[in-house]
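The lines below spell out each chain.
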Amino acid sequence: MATDWNRISHHAMDWAYEAGTVIRESFKKQLTIETKSNADDLVTNMDREVESFLIDKIRKHYPEHQILGEEGSGDDVQSMEGTVWIIDPIDGTMNFVHQQTNFAISIAVYHEGEGKVGLIYNVVNDEMFHAIKGNGAYMNEHPLPKLEKVELEKSIIAINATWITSNKRMDPSILIPIVDQCRGTRSYGSAAIELAFVAAGRLDAYITMRLSPWDFAAGKILIEEVGGTITNLDGEELDMLGKNSIFAGKQNLHQYILDEHLLNDKK
Ligand code: IPD
Ligand code: CA
Ligand code: CA
């Protein structure tokens, strides 16, 4: 029997809305905040609760699917064969803790390595970015138009300033002409939101050094559905089970920046 991606998408959205309500309620309560790999890598009781909530729902309804989740309560996924859910219960935990805005729930469903269903729910703004492969992308009930061309001079590019210090694979000065020529730069502190904004045309491109699959899996589906491009900084396809540098944007701008700046410097 063919998989009903529409049903899966509705389930994922219902669960994200339900989790969003619980997260908003949590603003009134005391959070438990811990650090993971370093002092800037935060996790809260809500990250864990939301991941468990989503995983329980997925396991109950789709017991044959695999789940890759940031907080580790999913499966030890070693391959993209079959159907794999990739979830980030709260993307932008630092924003959640410090700012109570600009964080999102990110849920993606891949089948045999191909993105089928993607959603990014901006919890505080109540903006649900969602797509089913081949059916277009939406923000709430509004269809997102196909992305049009933009010149670097008229573009807004999201860049994370940690590039300057934590970048060991590329000379940070490579960014100077890009930052100089573009119209403006932004940094929201949630990769999922930044990718959703690229899909929605609010940002023209997004460049970052190191993301995990749960940070970009849903954003990739949304961006590709509106004709945008997402690769690593060398213009190569993303590894869905490993860490990647990320370069997403409108197709013409992505190509131009790769040719003129990112790859040009390696010639
Ligand atoms: C982080 C955010 C942030 C990105 C980090 C991610 P988290 O996710 O997406 O924008 O720069 O690399 O780890 O930890 O808040 O889910
Ligand atoms: Ca994340
Ligand atoms: Ca997270």
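Residues numbered from 1 in each chain as written. Chains lettered and ligands numbered in written order. Predicted model: local features only at pLDDT ≥ 70, side-chain atom pairs only at ≥ 80, totals over all residues. Heavy atoms only, no water.

S.K.: I keep staring at the overall build of the protein chain and nothing clicks. Help me out?
M.R.: Across its full length, the protein chain carries 8 helices and 14 strands. Scaling as 2.2 N^0.38, a compact globule of 267 residues should have a C-alpha radius of gyration of about 18 Å, and the protein chain matches this with 18 Å. Each of the three principal axes of the protein chain carries a C-alpha extent, and together these read 50 × 45 × 35 Å. Counting across all 267 residues of the protein chain, residues that qualify as buried make up 53%. Sequence-distant contacts, at least 24 apart, represent 61% of the contacts inside the protein chain between residues at least 6 apart. For the protein chain, the exposed area adds up to about 12500 Å²; of that, 46% sits on carbon and sulfur atoms. The positive charge centre, built from 25 side chains, and the negative charge centre, built from 41, are 2 Å apart in the protein chain. (Helix = DSSP H or I, 4+ residues; strand = E, 2+ residues; numbered from the N terminus. Rg over C-alpha atoms; globule rule 2.2 N^0.38 Å. Buried < 20%, exposed > 50% of the residue type's maximum accessible area, 1.4 Å probe, protein only. Contact = heavy atoms within 4.5 Å. Areas by Shrake-Rupley, 256 points an atom, 1.4 Å probe, with all protein chains shown as cover. Lys, Arg positive; Asp, Glu negative; His and termini not counted. Charge placed at Lys NZ, Arg CZ, Asp CG, Glu CD.)

S.K.: What should I look at first to understand the coordination of the calcium ion (ligand 2) in this one?
M.R.: Geometry reference: four tetrahedral donors at a metal, ideal angle 109.5 degrees. Six octahedral donors, ideal angles 90 or 180 degrees. The coordination sphere of the calcium ion (ligand 2) contains the protein donors D88 (OD), D91 (OD) and D215 (OD), at a distance range of 2.1 to 2.2 Å. Here the donor residues of the calcium ion (ligand 2) share one chain and are spaced in sequence as D-x2-D-x123-D. Taken as a pair, the calcium ion (ligand 2) and the calcium ion (ligand 3) show a spacing of 3.7 Å, with D88 coordinating each metal. Of this pair, D91 sits in strand β4 (residues 83–91) while D215 sits in helix α7 (residues 213–225), and the two are 124 residues apart along the sequence. (Donors = N, O, S within 2.8 Å, 3.2 Å for Na, K, Ca; no water.)

S.K.: Could you clarify how one ought to interpret the site of ligand 1 in this entry?
M.R.: By nearness alone, 13 residues border ligand 1, and E70, D91, G92, T93 and A191 come closest of all. Contact distances for ligand 1 include 3.2 Å between an oxygen atom and a side-chain N or O atom of D88. Between D91 and ligand 1, the recorded distance is 2.7 Å, taken from a side-chain N or O atom to an oxygen atom. Coverage of ligand 1 by the protein amounts to 76% of the 380 Å² it exposes when considered alone. Those elements that provide at least two residues to the shell around ligand 1 are β4 and β12 (205–211). (Near = heavy atom within 4 Å. Polar contact = N/O pair within 3.5 Å; in protein donor to acceptor, adjacent residues only side chain to side chain.)

S.K.: Where do I start with the sheet that holds strand β5 (residues 104–111) in this structure?
M.R.: Taken in spatial order, the 7 strands of this open sheet run β3-β4-β5-β6-β7-β8-β9, and their pairing is mixed. The sheet terminates laterally at β3 (66–69) and β9 (142–143), the two strands that pair on one side only. Here β3 runs beside β4; their pairing, made up of 4 bridges, is parallel. Bridge pairing in β4 places I67 opposite W85. (Pairing = 2+ DSSP bridges.)

S.K.: I keep staring at the environment of H10 and nothing clicks. Help me out?
M.R.: Within the secondary structure, H10 is located in helix α1 (residues 5–26). Since its relative accessible area comes to 44%, H10 is described here as partly exposed. Here the alpha-carbon distance between H10 and V117, two residues 107 residues apart in the chain, equals 9.8 Å.

S.K.: Explain the packing of α1 against helix α2 (residues 45–61) to me, please; I cannot follow it from the model alone.
M.R.: For any two helices packed against each other, one specifies the inter-axial angle together with the distance between the axes. Interaxial distance between α1 and α2 falls to 10 Å at its minimum, and their mutual angle equals 155°. With respect to α2, the element α1 is oriented roughly antiparallel. Here α1 and α2 pass one another in a crossing that is right-handed. Residues R7, H11, W15, E18, A19, V22, I23 and S26 of α1 touch α2, and the partners they reach there are M46, V50, F53, L54, K57, I58 and H61. Along the lines of polarity and charge, the residues of the contact of α1 with α2 split into 9 nonpolar, 3 polar and 3 charged. (Axes fitted to C-alpha atoms, helices over the stretch in contact; angles between N-to-C directions. Parallel < 35°, antiparallel > 145°, perpendicular 65-115°, else oblique. Left-handed = near helix turned anticlockwise from the far one by under 90°. Nonpolar A, V, L, I, M, F, W, Y, C, P; charged D, E, K, R; others polar.)

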